[in-house]
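Each chain, letter by letter, is given below.
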Amino acid sequence: MRIADKVCVITGGSSGIGEACAKIFAREGGKIAVVDVDEMNGERVVGDIRQDGAEAMFVKADVADERQSRQCLETVVQSFGRIDVLVNNAGVSAVGDVAQCAPEDWDRVMRVNVRGVYLMSHFVVPIMRDQGQGTIIQMSSTIALVGLQSRAAYAASKGAVLALTRAMAADHSHENIRVAAVLPGTVYTPFVQGYLERSYADDMEQAISNLKKRQLNNELMTPDDVAYAALYLASDEARFALGTALIIDGGVSTAKVF
Ligand SMILES: NC(=O)c1ccc[n+]([C@@H]2O[C@H](COP(=O)([O-])OP(=O)(O)OC[C@H]3O[C@@H](n4cnc5c(N)ncnc54)[C@H](O)[C@@H]3O)[C@@H](O)[C@H]2O)c1
């Protein structure tokens, strides 16, 4: 029970890393609010959590819409009384270098990945300030640190999230609002599966094997591996993790084997 009774809002909690965070946080005593545009899967995740005996609710919202992001946080406060942890995890991607990336794709990625994180943070900080405490965890990516081919818009968005995390830590740590980021490497989720299917339709097996080879332990990283890192940051064990960028990537960004 590492986060017993903490009210945790998890954006993008209907799938992948967000779903893993929702379920693992619930097992560790958290009360979970899944915020997502995908209602069907969000209700599935909430149903699974309730079946395991924990408290959970689903709130449908587009995190990049000003009214919806404000209202979803108000709904959680009405139901659970407060918000202890916000995980800004909802995200989208686009394939292409800067010349290939269409302006609509650039705007779509920036809208969810940067404006969405900004809006949810903008509206949750006053709530946490009034409570006298809170934790905000941003889902950045190792792409913020190391260039990766054909992901120009996505890389720019995750770099922005990391910079915002550090700025927010500087601004809000003295108010007992802790802000930190998780930087995952490649995790095998529907998000990555879709990307591989679009890029390597003919040879998915080879694509998965290449992915494994990039990791120092030759294994595919799972959503749970990232969720456990987020769990640490959500817990009081992480009270000195201020502006921390926690890299979970199988060693890809730190070591190379030839
Ligand atoms: N999968 C990876 O390899 C990887 C690596 C590094 C970082 N990340 C980041 O982790 C986060 C989760 O990725 P994932 O792989 O679990 O993706 P996913 O596609 O499995 O899940 C993303 C969720 O976000 C929701 N979402 C999208 N736009 C939204 C919006 N405007 N408002 C509310 N919800 C919205 C989707 O409906 C979906 O449920 C993303 O921010 C992603 O950039 C993923």
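Residues numbered from 1 in each chain as written. Predicted model: local features only at pLDDT ≥ 70, side-chain atom pairs only at ≥ 80, totals over all residues. Heavy atoms only, no water.

Identification of the chain as Short-chain dehydrogenase from Sulfobacillus acidophilus is taken from an unreviewed UniProt entry. Within the UniProt record for the chain, the comment given under Sequence similarities (unreviewed entry) is "Belongs to the short-chain dehydrogenases/reductases (SDR) family." (UniProt positions renumbered as here; feature names shortened; annotations may be inferred.)

Student: What am I meant to see in the nonpolar core here?
Tutor: Looking at soluble globular proteins, one finds that nonpolar side chains tend to be buried together. Of all hydrophobic cores here, the largest spans 35 residues; its most connected members are Phe 25, Ile 32, Ile 49 and Val 182. Once you skip the residues sitting within four places of it in the chain, Ile 49 turns out to touch Ala 22, Lys 23, Ala 26, Ile 32, Ala 54, Glu 55 and Ala 56. One finds Val 59, Val 124, Val 125 and Ile 177 within the second-largest nonpolar core, a separate group that totals 27 residues. (Core = buried A, V, L, I, M, F, W, Y, C linked by side-chain atoms within 4.5 Å. Buried < 20%, exposed > 50% of the residue type's maximum accessible area, 1.4 Å probe, protein only. Contact = heavy atoms within 4.5 Å.)

Student: I would appreciate a short explanation of the sheet that holds strand 5 (residues 134-139) in the present structure.
Tutor: By definition, the strands of a sheet pair up through backbone hydrogen bonds, in either a parallel or an antiparallel sense. Spatial ordering of the open sheet is given by 3-2-1-4-5-6-7, a layout of 7 strands whose pairing is parallel. Two strands bound the open sheet, and with one partner strand each, they are strand 3 (56-60) and strand 7 (245-248). The mean inter-strand angle of the sheet, taken between neighbouring strand axes irrespective of direction, is 20°. As paired strands, strand 2 (residues 31-36) and strand 3 are joined by 5 bridges and run parallel to one another. Along strand 3, the bridge assignment pairs Val 34 with Phe 58. Against the sheet, helix 2 (residues 39-51) contacts strand 2 and strand 3, and its axis sits at roughly 170° relative to strand 3. (Pairing = 2+ DSSP bridges. Helix = DSSP H or I, 4+ residues; strand = E, 2+ residues; numbered from the N terminus. Axes fitted to C-alpha atoms, helices over the stretch in contact; angles between N-to-C directions.)

Student: Please clarify how the packing of aromatic side chains should be interpreted in this entry.
Tutor: Both the distance between ring centres and the angle between the ring planes are used here to describe each pair of aromatic rings. This model, assessed by the stated rule, comprises 1 aromatic pair. Consider the rings of Tyr 154 and Phe 191, whose centres lie 5.9 Å apart with planes at 55°: the pair is tilted. One end of the pair, Tyr 154, is in helix 5 (residues 152-172); the other, Phe 191, is in helix 6 (residues 190-199), and 37 residues separate them in sequence. On the basis of relative accessible area, Tyr 154 is assigned to the buried category, the value being 10%. Phe 191 gets classed as partly exposed once you look at its relative accessible area, which sits at 33%. (Phe/Tyr/Trp six-rings, centres within 6.5 Å; stacked < 30°, edge-to-face > 60°.)

Student: Would you mind going over the site of the ligand with me for this structure?
Tutor: Contacts to the ligand come from 29 residues, most closely from Ser 15, Asp 36, Tyr 154, Val 187 and Thr 189. In this structure, an oxygen atom belonging to the ligand sits 2.7 Å away from a side-chain N or O atom of Asp 36. Thr 189 is positioned with one of its side-chain polar atoms (N or O) 2.6 Å from an oxygen atom of the ligand. Calculation on the ligand without its partners gives an accessible area of 830 Å², and the protein chains cover 91% of this total. For the shell around the ligand, the secondary-structure elements that each account for two or more residues are helix 1 (16-27), helix 5 and helix 6. Take the shell around the ligand: its biggest share by element is 3 residues, from helix 6. Classifying every residue of the shell around the ligand gives 14 nonpolar, 11 polar and 4 charged. Composition of the shell around the ligand by domain shows at least three residues from each of domain 1 (7-187 + 222-248) and domain 2 (188-221). (Near = heavy atom within 4 Å. Polar contact = N/O pair within 3.5 Å; in protein donor to acceptor, adjacent residues only side chain to side chain. Areas by Shrake-Rupley, 256 points an atom, 1.4 Å probe, with all protein chains shown as cover. Nonpolar A, V, L, I, M, F, W, Y, C, P; charged D, E, K, R; others polar. Domains from an automatic or database assignment.)

Student: Could you clarify how one ought to interpret the domain arrangement of the chain in this entry?
Tutor: Frequently, the measure chosen for interface size is the accessible area that the parts lose on association. As far as domains go, the chain holds domain 1 (7-187 + 222-248) and domain 2 (188-221). Centre-to-centre separation of domain 1 and domain 2, based on C-alpha positions: 24 Å. Across the contact, 16 residues belong to domain 1 and 12 residues belong to domain 2. When the two sides are added together, the surface that domain 1 and domain 2 hide from each other amounts to roughly 1,100 Å², 65% of it contributed by carbon and sulfur. Our count for the contact surface shared by domain 1 and domain 2 stands at 2 residue pairs in polar contact (both at pLDDT 80 or more). Elements supplying a minimum of two residues to the side of domain 1 that touches domain 2: helix 1 and helix 8 (223-234). (Buried area = accessible area lost by both parts, 1.4 Å probe.)

Student: Would you mind showing me how to read the packing of helix 3 (residues 66-80) against helix 4 (residues 103-131) here?
Tutor: To characterise two packed helices, one gives the angle between the axes of the helices and the distance between these axes. Contact geometry of helix 3 with helix 4 gives a least axis separation of 9 Å together with a crossing angle of 40°. Looking at the two axes, helix 3 sits oblique to helix 4. Crossing hand, helix 3 versus helix 4: right-handed. When helix 3 is examined against helix 4, the residues Glu 66, Ser 69, Arg 70, Cys 72, Leu 73 and Val 77 are found in contact with a partner set consisting of Arg 115, Leu 119, Met 120, Phe 123, Val 124 and Ile 127. The residue makeup of the contact of helix 3 with helix 4, split by class, is 8 nonpolar, 1 polar and 3 charged. (Parallel < 35°, antiparallel > 145°, perpendicular 65-115°, else oblique. Left-handed = near helix turned anticlockwise from the far one by under 90°.)

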